Amino acid sequence: MGVRAVARARTLVGTPFRLHGRDAAGVDCVGLVALAWQRETPTGYALRTCNPTLLEAPLRAMRFRRRRKVKPGDILILNAGPAQLHLGIWTGDSLVHADAGLRRVVETPGWPRWPVLSMWGR
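Computed from a prediction, not measured in an experiment: that's the story for all the values here.

Novice: Give a description of the overall build of the protein chain that names residues and reports values.
Specialist: Along the backbone of the protein chain there are three helices and eight strands. Put simply, the protein chain runs from its N terminus to its C terminus through helices and strands in the order α-β-β-α-α-β-β-β-β-β-β. Summarising its shape, the C-alpha atoms of the protein chain cover approximately 30 × 30 × 25 Å along the three principal directions. With 122 residues in all, the protein chain has 48% of them scored as buried. Summarising the internal contacts of the protein chain: among those between residues at least 6 apart in sequence, 56% fall at separations of at least 24. Of the accessible surface of the protein chain, which amounts to about 6300 Å², a share of 55% is contributed by carbon and sulfur atoms.

Here it is in structure tokens:
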């Protein structure tokens, strides 16, 4: 299942960043996860937060659970900066994520440059 989620996430590379976006017109990091895993997610959350439980709630709603070891397709909760938590999908050797600064979905090679707060999978 994770391999299919990675493949779907990669098809979204280049998609514009849009807060609460859930389609080809634009996605945010939660929307990217939802589309890659073909799950519905809540909206109405703030872009900036220091509280990881605000990102854990949508993951639990999508029936993910915390992992100790990461596998391709797993979701990482990252500390991308002050009051800026972020989700990304681990491919096995890169991270697919909706980058608000670059205004699009990108695939970044290697382990994420941001601290990983937790890992979630199916």
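That was the structure; now back to the text.
Novice: Now, about the sheet that holds strand E7 (residues 104–109): what can you tell me, with residues and values included?
Specialist: Read from one edge of the open sheet, six strands run E3-E8-E4-E5-E6-E7, paired in antiparallel fashion. Of all strands in the sheet, those bounded by a partner on one side alone are strand E3 (65–67) and E7. Strand-to-strand twist in this sheet, taken as the mean axis angle between neighbours without regard to direction, amounts to 35°. When E3 meets strand E8 (residues 116–121), the two strands line up antiparallel, connected through three bridges. Bridge pairing in E8 places Arg67 opposite Met119.

Novice: Which residues make up the packing of aromatic side chains, and what values go with them?
Specialist: Overall, the coordinates contain two aromatic pairs when judged by the stated rule. On the basis of an interplanar angle of 85° and a centroid distance of 5.2 Å, the ring pair of Trp37 and Phe64 is categorised as edge-to-face. Of this pair, Trp37 sits in helix H2 (residues 29–37) while Phe64 sits in the loop between helix H3 (53–61) and E3, and the two are 27 residues apart along the sequence. Summarising the aromatic geometry, the rings of Trp90 and Trp111 are spaced 4.8 Å apart at their centres and angled 70° between planes, so their arrangement reads as edge-to-face. One end of the pair, Trp90, is in strand E5 (residues 84–90); the other, Trp111, is in the loop between E7 and E8, and 21 residues separate them in sequence. The ring of Phe64 has Arg122 lying over it, and the distance from NZ or CZ to the ring centre is 5.8 Å.

Novice: A description of the environment of Ala36 should follow, citing residues and the corresponding values.
Specialist: With respect to the helices, strands and loops of the structure, Ala36 is situated in helix H2. The class of Ala36 is buried, set by a relative accessible area of 0%. When the C-alpha atoms of Ala36 and Ala5 are compared, they prove to be 4.7 Å apart, with 31 residues separating the residues in sequence. Setting aside chain neighbours within four positions, we find Ala36 in contact with Ala5, Arg8, Ala9 and Ile89.

Thresholds, definitions, all that
Residues numbered from 1 in each chain as written. Predicted model: local features only at pLDDT ≥ 70, side-chain atom pairs only at ≥ 80, totals over all residues. Heavy atoms only, no water. Helix = DSSP H or I, 4+ residues; strand = E, 2+ residues; numbered from the N terminus. Buried < 20%, exposed > 50% of the residue type's maximum accessible area, 1.4 Å probe, protein only. Contact = heavy atoms within 4.5 Å. Areas by Shrake-Rupley, 256 points an atom, 1.4 Å probe, with all protein chains shown as cover. Pairing = 2+ DSSP bridges. Axes fitted to C-alpha atoms, helices over the stretch in contact; angles between N-to-C directions. Phe/Tyr/Trp six-rings, centres within 6.5 Å; stacked < 30°, edge-to-face > 60°. Lys NZ or Arg CZ within 6 Å of the ring centre and 35° of its normal.

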